[in-house]
Amino acid sequence: MKIGVPIEIKNNENRVGMTPSGVFELTKRNHTVFVQKDAGFGSGFFNEDYVKAGAIILDTIEDVYAAAEMIVKVKEPIEKEYALIKSHHTVFTYFHFASSEALTDAMIESKAVCIAYETVEDADGSLPLLIPMSEVAGRMSIQQGAKYLEKPIKGRGILLGGIPGVPPAHVLVLGGGIVGIQAAKMAAGLGANVTIMDVNMKQLRHIANIMPENVHTEFSSEYNIRRHLPQTDLIIGGVLLKGAKAPKLITRDMLKEMRPGTVIVDVAVDQGGCFETTRPTTHEEPTYIIDDVVHYSVANMPGAVPYTSTVGLTNVTLPYVIKLANEGWEKACENNASLAKGLNVVHGKIVYKEIAEAFDLEFEMA
Ligand SMILES: NC(=O)c1ccc[n+]([C@@H]2O[C@H](COP(=O)([O-])OP(=O)(O)OC[C@H]3O[C@@H](n4cnc5c(N)ncnc54)[C@H](O)[C@@H]3O)[C@@H](O)[C@H]2O)c1
């Protein structure tokens, strides 16, 4: 199959859909991979690396779309890309259709086959192509939190791990899923005193079994959260209710119970946030302050570490890319139920119920 890897042209997106290692795996199987010139640059991969792995470098995005049967990328196509997508294309990327009617209409019109990373789903309900990005965001939340606790950037001026003779900081992690576990691990590794809260007792038992001694588990409730606020230095919000808006666990009045310079990082900002005072921010201006509390709520945290994010993402997408290239989308989806869940729009028809419902459009079984 002929596979195209274009540059991501969405603002501030430095990831790329395939690493040289992915190209190598595909060319080894006699597929042809066209990579747009400098597509990997933002993630630290150079044209020569791709050529060595067997790719053909093309100058423009138009060239890549024209040469390829399948497009592998990262972010949803933006308006400028709509016209490049044709009926013979299979497009494998994050789409997030339900949040854009314009994109949905454009892909219906293109008659292409659109397979969305975010709806590829395993039998246990987990979303394997979203997990690495939650892992990145969870780990990064502590890195960012530690930085914003520094005094020159308006934090409390406390070192997470303390020093001999000075106690460590207190970190409260709300939500013990992928984000929460990674955040708690990082904070614990730095020596902080960590509490992780969840409403799922099975998950709390699991966490209690795997975490070091400086991580404590607690059932998540308003009473318990309020009790922690006066002595907490850093709060991480990593709560998720599948398919729904995040519950507001930190309300505006609670800010008054925190010490000035407390940092709160709302990783769940992309689902509306789990703090009442959260509004989405960007890497250019990641924080704002309300009631002396530093808020960090960047909606695409993995974008700041494109090397790690690209490799993490392509580690999990590549096995599916290989299946799609070897078997074509129809056979590959027939043979793999997880991948079949990724089918969103097929030859002008919406085949994912929630997307059809979001825009009151017709739905057809794939
Ligand atoms: N900002 C970013 O760049 C970025 C990147 C990746 C993920 N995210 C977001 O981070 C959030 C968490 O993702 P995840 O992969 O860890 O989800 P997850 O499903 O693995 O974990 C969510 C956890 O929240 C728990 N929870 C639900 N209600 C709760 C409550 N009232 N109190 C405490 N815990 C509660 C659930 O039991 C679950 O364990 C999602 O909204 C996701 O979209 C953001």
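- Naming follows an unreviewed UniProt entry, where the protein chain appears as Alanine dehydrogenase of Seonamhaeicola maritimus.
- Recorded in UniProt for the protein chain, the comment headed Catalytic activity (unreviewed entry) runs: "L-alanine + NAD(+) + H2O = pyruvate + NH4(+) + NADH + H(+)".
- UniProt's Sequence similarities (unreviewed entry) comment on the protein chain is quoted here verbatim: "Belongs to the AlaDH/PNT family."

Some details on the overall build of the protein chain
1) Next: Looking only at helices and strands, one finds 12 helices and 15 strands in the protein chain.
2) Next: At 22 Å, the protein chain has a C-alpha radius of gyration in line with the 21 Å of a compact globule built from 366 residues.
3) Next: Across its three principal axes, the protein chain shows a C-alpha extent of roughly 65 × 45 × 35 Å.
4) Next: Summarising the internal contacts of the protein chain: among those between residues at least 6 apart in sequence, 63% fall at separations of at least 24.

Some thoughts on the site of the ligand
1) Next: Taken together, 32 residues lie near the ligand, and Ser134, Ala137, Gly177, Val179 and Ser220 sit nearest.
2) Next: When the residues that make up the shell around the ligand are grouped by side-chain class, the tally is 19 nonpolar, 11 polar and two charged.

Some details on the domain arrangement of the protein chain
1) Next: When its domains are assigned, the protein chain resolves into domain 1 (2-120 + 306-358) and domain 2 (131-304).
2) Next: A straight line from the C-alpha centre of domain 1 to that of domain 2 covers 33 Å.
3) Next: Facing the 10 residues of domain 1 at the interface are seven residues of domain 2.
4) Next: Its residues assigned to classes, the side of domain 1 that touches domain 2 comprises three nonpolar, six polar and one charged.

Overview of the sheet that holds strand β4 (residues 70-72)
The strands that make up a sheet are held in pairs by hydrogen bonds between backbone atoms, and each pair lies either parallel or antiparallel.
1) Next: Read from one edge of the open sheet, eight strands run β3-β2-β1-β4-β5-β6-β14-β15, paired in mixed fashion. Each having just a single partner strand, β3 (56-58) and β15 (349-350) make up the two edges of the open sheet.

Comments concerning the pairing of strand β8 (residues 193-198)
1) Next: Taking burial as the measure, the six residues of β8 include six buried ones, the bulk of the element.
2) Next: Here β8 shows a buried face lined by Asn193, Thr195 and Met197 and a second buried face lined by Val194, Ile196 and Asp198.
3) Next: Pairing geometry for strand β7 (residues 170-174) and β8, over five bridges, is parallel. In the strand pairing of β8, Leu172 is matched with Thr195.
4) Next: Note on the crossover from β7 through helix α7 (residues 178-189) to β8: the handedness is right-handed.
5) Next: By the bridge criterion, five bridges tie β8 to strand β9 (residues 215-219) in an arrangement that is parallel. Looking across to β9, one finds that Met197 is bridged to Glu218.
6) Next: Traced from β8 through helix α8 (residues 201-210) to β9, the parallel crossover comes out right-handed.

Brief notes about the sheet that holds strand β13 (residues 293-296)
1) Next: Spatially, β9-β8-β7-β10-β11-β13-β12 is the arrangement adopted by the seven strands of the open sheet, whose pairing is mixed. The sheet terminates laterally at β9 and β12 (287-290), the two strands that pair on one side only. Looking at each pair of strands side by side, their axes are set apart by 20 degrees on average, direction ignored.
2) Next: In the packing of α7 onto the sheet, contacts are made with β7, β8, β9 and β10 (234-237), and the angle to β8 comes to roughly 170 degrees.

What to know about the packing of helix α6 (residues 131-148) against α7
1) Next: Following both chains from N to C, one finds α6 and α7 inclined at 35 degrees, their axes separated by 7 Å at the closest point. Here the hand of the crossing between α6 and α7 comes out right-handed. Listed contacts from α7 to Ile131, Ser134, Glu135, Ala137, Gly138, Arg139, Ser141 and Ile142 of α6 are Ile178, Val179, Gly180, Ile181, Gln182, Ala183, Met186 and Ala187.
2) Next: Of the residues that constitute the contact of α6 with α7, the class distribution is nine nonpolar, five polar and two charged.

Notes on the nonpolar core
1) Next: In terms of nonpolar packing, the biggest core is built from 106 residues, with Val5, Cys114, Val173, Leu174, Ala184, Ala187 and Val194 touching the most fellow members.
2) Next: Here this core spans two domains, and each of domain 1 (2-120 + 306-358) and domain 2 (131-304) adds at least three residues to it.
3) Next: Dropping the residues within four chain positions of it, Val194 is found in contact with Val171, Val173, Ala184, Ala187, Ala188, Asn214, Val215 and His216.

Side note on the pairing of β12
1) Next: The sheet contact formed by β12 and β13 spans four bridges and is antiparallel. Pairing of Ile290 across the sheet is with Val293, part of β13.
2) Next: The turn joining β12 and β13, which pair antiparallel and follow one another in sequence, is formed by two residues; a positive phi near 50 degrees is taken by Asp291.

Rules behind the numbers
- Each chain carries its own residue numbering, running from 1 in the direction its sequence is written.
- Restriction of local features to residues with pLDDT of at least 70 applies here, the model being predicted, together with a cutoff of 80 or more for giving and counting side-chain atom pairs; totals for whole chains, interfaces and linings are based on all residues.
- UniProt positions are given in the numbering used here, feature names are shortened, and annotations may be inferred rather than shown by experiment.
- Each helix is a run of DSSP H or I of at least 4 residues and each strand a run of E of at least 2, with the numbering of both proceeding from the N terminus.
- In this setup the radius of gyration rests on C-alpha atoms only. A globule is expected at 2.2 Å times the number of residues raised to 0.38.
- The contact rule is simple: place each C-beta atom from the backbone, and if two of them lie within 7 Å, those residues are in contact.
- Placing a C-beta atom from the backbone of each residue, we mark the residue near a molecule or strand if the atom is within 6 Å of it.
- Throughout, the ten residues Ala, Val, Leu, Ile, Met, Phe, Trp, Tyr, Cys and Pro are labelled nonpolar, Asp, Glu, Lys and Arg are labelled charged, and all others, Gly among them, are labelled polar.
- The domain limits used here are those given by an automatic or database domain assignment.
- Two strands are counted as paired when DSSP detects at least two bridges linking them.
- We call a residue exposed when 12 or fewer other C-beta atoms sit within 10 Å of its C-beta, buried when the count reaches 20 or more, and partly exposed for counts in between; the C-beta positions come from the backbone.
- Crossover handedness is defined here as right-handed if the route from the first strand over the helix to the second strand goes clockwise, with the strands pointing away from the viewer.
- Axis definition: a line fitted to C-alpha atoms, over the contacting stretch in the case of helices. Angles run 0 to 180 degrees between N-to-C directions.
- Crossing chirality is assigned from the near helix's rotation relative to the far helix, an anticlockwise turn below a right angle marking it left-handed and a clockwise turn marking it right-handed.
- The term nonpolar core means buried Ala, Val, Leu, Ile, Met, Phe, Trp, Tyr and Cys residues held together as one set by C-beta atoms within 7 Å.

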